[in-house]
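Now for the letters of each chain:
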Protein chains: 2
Amino acid sequence: MRTLLYRYVPALKSKIYTKSQGFHKSVGVLQRLAIEEPKAPFIQTEIPGPKSRTLFNELSTVQNSLAVQFFVDYDKSYGNYLVDVDGNVMLDMFTQIASIPIGYNHPSLVETIKKEENLSTFINRPALAVFPPGDWLKRLQSSLLAVAPPGLNEIQTMACGACSIEHGMKAMFIAYQRKKRGGQPPSKEELQTCITGVAPGCPDLCILSFKNAFHGRTMGALAITHSKPVHKLDFPVPYWPMASFPILKYPLEENVRENQAEERRCLEEVEDLIVSWNKSGRPVVGCVIEPMQAEGGDNFASAEFFQGLQEICSKHDVSLAIDEVQTGCGSTGKFWAHEHFNLKESPDIVAFSKKMLTGGFYYKEHYRPHEAQRIFNTWVGDPSKVILLEAVVKVIKEQNLLARVNDTGKCLFGGLQGFQTQYPNLLSRLRGLGCYGSIDLPSMEIRDKVISKLRAKGVNTGGCGEKSIRFRPTLTLEKHHVDIFLDKFNSVLHEVDSSQEKSERAKA
Amino acid sequence: MRTLLYRYVPALKSKIYTKSQGFHKSVGVLQRLAIEEPKAPFIQTEIPGPKSRTLFNELSTVQNSLAVQFFVDYDKSYGNYLVDVDGNVMLDMFTQIASIPIGYNHPSLVETIKKEENLSTFINRPALAVFPPGDWLKRLQSSLLAVAPPGLNEIQTMACGACSIEHGMKAMFIAYQRKKRGGQPPSKEELQTCITGVAPGCPDLCILSFKNAFHGRTMGALAITHSKPVHKLDFPVPYWPMASFPILKYPLEENVRENQAEERRCLEEVEDLIVSWNKSGRPVVGCVIEPMQAEGGDNFASAEFFQGLQEICSKHDVSLAIDEVQTGCGSTGKFWAHEHFNLKESPDIVAFSKKMLTGGFYYKEHYRPHEAQRIFNTWVGDPSKVILLEAVVKVIKEQNLLARVNDTGKCLFGGLQGFQTQYPNLLSRLRGLGCYGSIDLPSMEIRDKVISKLRAKGVNTGGCGEKSIRFRPTLTLEKHHVDIFLDKFNSVLHEVDSSQEKSERAKA
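Not measured: the values here are computed from a predicted model.

Relative to each other, helix 4 (residues 116-123) of chain A and helix 3 (residues 107-114) of chain B sit at 115°, their axes nearing to 10 Å. Crossing of helix 4 of chain A over helix 3 of chain B shows right-handed handedness. Residues Glu116, Leu119, Phe122 and Ile123 of chain A of helix 4 of chain A form the contact with helix 3 of chain B, whose own contacting residues are Leu109, Val110, Ile113 and Lys114 of chain B. Grouping the amino acids of the contact of helix 4 of chain A with helix 3 of chain B by side-chain chemistry returns six nonpolar, no polar and two charged.

This is the structure in structure tokens:
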């Protein structure tokens with residue numbers, strides 16, 4: 001059925017195709033999209049291969065390209081497989097830093113972009129908050145609102161994750177100051193001083209965040225980001241309170257008491273910081289937290305920790321915002337990761353981006369600005385991304401992908417659990433929910449070596465924290481993909497383990 | 001020729017069309033895009049009309065919608081004409097806050113999105129800095145690099161205007177600190193302290209900006225924004241130096257000496273601020289300025305002012321960034337507005353967004369970070385926008401649209417000049433370059449009344465500053481559009497003038 005969607009005839013071009021490695025190569029100029037998923041990885045060159053290296057050198061003449069890992073042929077990529085420009089076919093467990101929801105070139109997305117009724121949305125980007133398209137609410141209802149976190153009924157779209165966090169924080173500041181004014185309009189002095197950026201118009205408020213947190217790279221988002229020097233070094237970022245995020249010991253069942261103590265310690269720190277900053281005249285207006293810290297090392301905390309955090313926030317009138325940019329859209333087995341926490345009430349704000357294809361945040365009515373253009377910019381998002389999300393949400397629901405994520409996740413983390421027992425010198429701290437999680441290697445050096453060897457065998461993964469490998473597959477990953485991954489991973493671990501042993505024997 | 005592109009047959013649907021007001025209405029479910037530009041405005045209801053008002057009430061249940069002016073039928077909009085959901089056809093002189101370069105549903109853009117070879121770019125958004133598509137450099141070369149400001153050969157893409165400014169500032173901070181370190185790596189203390197957000201890792205540096213400036217609504221961009229309370233009120237925005245931007249007297253030829261004095265005063269303020277902030281231990285690293293202040297009231301300054309500014313920056317080792325988010329992409333008659341200034345050398349950084357369809361900034365090699373992932377985020381822009389920009393640049397070049405902008409602008413501002421003489425009690429401070437400019441009304445109230453009456457006659461414009469109307473047409477505006485606009489404007493001015501006179505006579 002899937003392939004039927006693609007069986008149109010390329011006009012005026014050669015119709016001769018050679019089938020190879022699961023995609024069609026056009027003999028004409030017209031490049032055709034892949035039409036089915038490869039059966040397995042297929043590696044022809046080292047990675048990056050010669051074509052990638054040439055492109056890297058060329059691109060480096062016009063920009064810093066040092067983050068490039070390899071160049072991709074997105075036409076040929078399909079499903080869970082990424083194909084690079086050298087023809088290497090990789091099972092993708094990293095998916096563009098966790099931002100591809102249902103796989104490359106998914107037929108539903110191809111269909112969406114080809115629909116006559118969608119065309120004008122892709123080419124006429126509106127000033128969405130001023131001149132929205134007539135079907136805007138309908139589109140929101142069948143995409144973002146159809147998957148809104150329980151208890152959150154209002155929605156603000158934005159273009160990217162950092163902007164979602166920035167404007168989510170602004171919504172908290174606005175609500176805080178409005179409450180403080182008790183219904184009075186801002187004073188003349190406030191209106192005047194805010195232009196230059198001083199109090200009382202720009203009051204000295206702050207947001208509490210956590211060690212190892214990552215929330216984005218614009219100035220406000222950086223103020224609550226505390227994971228790696230590369231993000232903040234050299235920038236005059238606001239200094240705001242930072243509490244410890246629990247660093248749990250694994251396996252969890254063997255460290256119950258220590259972990260409870262660790263989480264208690266962190267919660268006490270949160271409360272102490274709120275009290276002391278409030279006293280010092282820089283009130284803590286909000287708290288922003290990831291449900292699982294991603295960039296900072298895939299640090300998980302318990303449901304009880306988040307329940308306790310909400311209680312403290314509530315007690316001190318601090319708004320609670322959950323940053324679901326990396327965790328949202330189903331990869332933990334629930335649509336929103338914070339749904340695992342059974343919070344007493346919904347968080348005040350939930351920010352998203354990446355796999356949601358559009359940025360934005362959900363908010364409680366209390367956080368709706370009362371005036372026009374307070375949370376605003378020219379584009380405030382992009383309806384064409386919402387149309388694509390609409391298709392993604394439909395696929396997730398129709399194919400019951402959350403159930404699949406949970407099933408596949410059991411195989412993935414079950415297999416990894418076995419390896420952790422098998423390679424105790426290499427693997428530790430396995431943690432995950434659904435298909436979202438990480439495992440630690442002994443050092444950054446060994447972690448990077450494992451990632452590189454995995455890639456050479458046809459599996460693309462990414463690192464996080466100091467020495468973790470993070471798994472961020474699409475929601476369409478299946479057991480047979482996991483089998484392939486586990487097989488490759490096992491063989492890499494075996495190689496690395498042997499060479500470690502050898503070098504240790506040599507030392508001894 | 002244009003219409004040929006659209007002459008495919010809608011599959012399985014009725015082929016009966018009724019032609020009405022310049023667009024085709026399908027009798028089937030399949031909604032067709034407009035295929036030609038209306039000949040004139042056509043107003044059927046008040047604006048917002050009944051359908052817009054219903055949609056407004058519905059949308060307001062899920063978000064603050066107070067900025068909405070009316071809902072748009074983007075399928076039926078074409079060229080310089082915007083069609084609302086009530087069937088009102090308006091000549092658009094505001095174009096989504098200056099962000100539509102070559103008109104609605106331009107055939108080249110329709111063709112671009114329908115091209116088989118472009119499809120995968122629209123549905124597989126990459127982590128662009130890590131896994132770029134194979135044709136990325138080629139695409140950059142035929143879009144952003146093909147129109148790079150003279151002297152600027154490097155390019156960083158971003159998703160929106162605010163992010164472009166934020167990361168442009170970060171590039172200046174990085175270059176400043178690198179130079180200060182004299183080739184040494186950052187110290188251990190710097191690496192540690194930057195995580196919490198304090199010096200020396202996050203040094204107390206600042207950026208100088210101007211009164212009435214607007215650069216965006218994230219925290220760093222807000223620190224250099226000083227136009228209206230709605231942007232900054234309640235937010236703990238960094239306090240950085242703000243200099244006066246010249247407020248020139250018009251007509252320019254009658255106020256040469258005062259205006260020179262005003263610009264000298266502003267430049268002295270800039271230099272004084274740099275010296276005093278440097279002394280106070282918060283060094284001024286960069287200066288960000290719009291070539292014409294837009295949101296803040298369409299304030300123009302002379303080429304000499306900008307030359308003087310560059311000289312001062314250069315003398316004090318302050319980087320100069322030009323924010324061309326609203327002015328870039330040809331609307332002033334040159335591709336980049338700062339090209340009007342004959343600067344001794346190119347600015348250090350030029351930021352863009354809006355009509356460029358993608359955000360980003362050009363930079364001198366000195367501002368290229370030496371490490372990976374310093375200027376970075378998951379998406380760093382969107383290749384699908386660059387593909388659309390490629391088509392836009394092609395149209396601008398092939399149709400020599402910059403020449404057209406200059407020709408059309410002469411008619412537009414020539415006509416407005418006549419009205420300014422004809423209605424001296426209503427109009428003043430006419431200013432513009434190319435088709436980009438403004439005229440002042442006596443008060444915000446009268447300005448808003450004029451905008452509303454113009455809309456009722458079928459011309460969509462926008463305000464800026466306190467009492468200006470700004471003109472931001474597409475680059476495809478022609479003399480016959482200007483004739484229509486001038487005719488409607490004249491009739492509105494006549495009405496308002498008469499009613500003003502009447503009310504003044506009544507008072508007397």
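Having seen the model, we can carry on.
Within the largest apolar cluster, 258 residues are counted, with the highest numbers of intra-cluster contacts made by Phe210, Met356 and Tyr362 of chain A together with Phe210, Met356 and Tyr362 of chain B. With residues up to four places along the chain from it excluded, the contact list for Phe210 of chain A reads His226, Met242, Ala243, Ser244, Phe245, Val270, Cys287, Val288, Ile289, Gln293, Phe305 and Leu309 of chain A.

Once that is clear, we can look at the side chain of Asp497 of chain A. Looking at where Asp497 of chain A falls in the secondary structure, it is placed in helix 15 (residues 479-507). Once you skip the residues sitting within four places of it in the chain, Asp497 of chain A turns out to touch Tyr423 and Leu426 of chain A.

Residues and elements named next belong to chain A. Summarising burial for strand 11 (residues 319-323): five of the five residues are buried, a large majority. Burial of the side chains of strand 11 extends over both faces: Ser319, Ala321 and Asp323 are buried on one face and Leu320 and Ile322 on the other. As defined by bridge partners, strand 8 (residues 284-289) adjoins strand 11 across four bridges and the pair is classed as parallel. From the neighbouring strand, Cys287 faces strand 11, where its bridge partner is Leu320. As paired elements, strand 11 and strand 12 (residues 349-352) share three bridges and run parallel to each other. Considered in strand 12, the bridge of Ala321 is made with Ile349.

At the junction of the two partners, chain A supplies 121 residues and chain B supplies 121 residues. Its largest share of buried area at the contact with chain B, chain A owes to Phe131, Arg217 and Asp234 of chain A, together 8% of the area lost on that side. On the surface where chain A and chain B come into contact, there are eight salt bridges. Measuring nitrogen to oxygen at the nearest pair gives 3.9 Å for the salt bridge that ties Lys114 of chain B to Glu116 of chain A. Where chain A meets chain B, there are 56 residue pairs in polar contact (both at pLDDT 80 or more). Per-element accounting of the side of chain A that touches chain B gives the leading share, eight residues, to helix 6 (residues 161-181) of chain A.

Now for helix 15 (residues 479-507) of chain B. Here helix 15 of chain B is 29 residues long and its end C-alpha atoms lie 41 Å apart, about the 42 Å a rise of 1.5 Å per residue gives. Along helix 15 of chain B, the positions that sit buried rather than exposed are His481, Val482, Ile484, Phe485, Leu486, Phe489, Val492, Leu493, Val496 and Asp497 of chain B.

Another aspect to go through is the environment of Phe245 of chain B. All names here are of chain B. Structurally, Phe245 can be placed in the loop between strand 7 (242-243) and helix 10 (256-279). For the pair Phe245 and Phe300, spaced 55 residues apart in the sequence, the C-alpha separation amounts to 9.0 Å. For Phe245, the contacting residues outside a window of four places in its chain are Phe210, Lys211, Glu262, Cys266, Ile289, Glu290, Gln293, Asn299, Phe300, Ala301, Phe305 and Phe306.

Glancing now at the packing of aromatic side chains. All names here are of chain A. The full count for this structure, using the stated rule, is 45 aromatic pairs over all chains. Centroid distance Phe300 to Tyr436: 6.2 Å. Interplanar angle 65°. Geometry classified as edge-to-face. Of this pair, Phe300 sits in strand 10 (residues 299-300) while Tyr436 sits in strand 15 (residues 436-440); the two residues are 136 residues apart in sequence, bridging distant segments of the chain. In terms of burial, Phe300 and Tyr436 fall into one category: buried. Plain terms: the ring middles of Trp336 and Phe352 are 6.1 Å apart, the flat faces sit at 50° to each other, and that makes the pair tilted. In this pair, Trp336 sits in the loop between strand 11 and strand 12 while Phe352 sits in strand 12, placing the two residues 16 residues apart along the sequence. By relative accessible area, which is 0% here, Trp336 ends up buried. On the accessibility criterion, Phe352 (0% relative accessible area) is buried. Linked through ring pairs, Phe413, Phe419, Tyr423, Phe471, Phe485 and Phe489 together constitute an aromatic cluster. Seen from the ring of Trp379, Arg125 lies directly overhead, with NZ or CZ sitting 3.9 Å from the centre.

Any two side chains of opposite charge can pair, given that their charged atoms come close. What the rule picks out here adds up to 60 salt bridges over all chains. Asp135 of chain A is paired through a salt bridge with Arg139 of chain A; the nearest N and O atoms lie 3.1 Å apart. We classify Asp135 of chain A as partly exposed; its relative accessible area is 26%. Among the ionic pairs, Arg265 of chain B bridges to Glu262 of chain B, the shortest N-O distance being 3.1 Å. Taken as a pair, Arg265 of chain B and Glu262 of chain B lie in helix 10 at a separation of three residues, close to a single helical turn. Note on Arg265 of chain B: relative accessible area 38%, which makes it partly exposed. Overall, Glu262 of chain B belongs to the buried group, its relative accessible area being 15%.

Another point: the relation of the copies chain A and chain B. Superposing chain A onto chain B takes a rotation of 180° combined with a translation of 0.0 Å along the rotation axis, leaving an RMSD of 0.0 Å. Such values leave the two copies arranged in the relation of a two-fold axis. Taking C-alpha positions as reference, the residue of chain A nearest the rotation axis is Met219 of chain A, located at 2.7 Å. When the interface residues of chain A are mapped onto chain B, 100% of them are again interface residues, pointing to one common binding face.

Turning our eyes to something else, we now look at the sheet that holds strand 17 (residues 462-464) of chain B. All names here are of chain B. The strand order across the open sheet formed by four strands is 14-15-18-17, and the pairing between neighbours is antiparallel. With one partner strand each, in any of the chains shown, strand 14 (428-433) and strand 17 form the two edges of the open sheet. When strand polarity is set aside, the average angle formed by the axes of neighbouring strands in this sheet is 25°. Both strand 17 and strand 18 (residues 468-471) contribute to a ladder of three bridges, which runs antiparallel. Across the sheet, residue Gly462 finds its bridge partner in strand 18, namely Arg470. Packing against the sheet, helix 13 (residues 401-422) makes contact with strand 14, strand 15 (436-440) and strand 18, and its axis sits at approximately 175° to strand 14.

That bond from Ala199 of chain A to Pro200 of chain A is cis: its omega, 0°, falls within 30 degrees of zero. By the secondary structure assignment, Pro200 of chain A is in the loop between helix 7 (188-196) and strand 6 (206-210). Look at Ile97 of chain A: it is not a glycine, yet its phi comes out positive at around 50°. With a phi close to 50°, Asp298 of chain B is a non-glycine residue in the positive phi region. Tracing the sequence through the fold places Asp298 of chain B in the loop between strand 9 (292-293) and strand 10 (299-300).

The rules we used
Residues numbered from 1 in each chain as written. Chains lettered and ligands numbered in written order. Predicted model: local features only at pLDDT ≥ 70, side-chain atom pairs only at ≥ 80, totals over all residues. Heavy atoms only, no water. Axes fitted to C-alpha atoms, helices over the stretch in contact; angles between N-to-C directions. Helix = DSSP H or I, 4+ residues; strand = E, 2+ residues; numbered from the N terminus. Left-handed = near helix turned anticlockwise from the far one by under 90°. Contact = heavy atoms within 4.5 Å. Nonpolar A, V, L, I, M, F, W, Y, C, P; charged D, E, K, R; others polar. Core = buried A, V, L, I, M, F, W, Y, C linked by side-chain atoms within 4.5 Å. Buried < 20%, exposed > 50% of the residue type's maximum accessible area, 1.4 Å probe, protein only. Pairing = 2+ DSSP bridges. Buried area = accessible area lost by both parts, 1.4 Å probe. Salt bridge = Lys/Arg side-chain N within 4 Å of Asp/Glu carboxyl O. Polar contact = N/O pair within 3.5 Å; in protein donor to acceptor, adjacent residues only side chain to side chain. Expected span 1.5 Å × (residues − 1). Phe/Tyr/Trp six-rings, centres within 6.5 Å; stacked < 30°, edge-to-face > 60°. Lys NZ or Arg CZ within 6 Å of the ring centre and 35° of its normal. Least-squares fit on C-alpha atoms with pLDDT ≥ 70 in both.

None of the figures reported here should be taken as evidence of function without further support.
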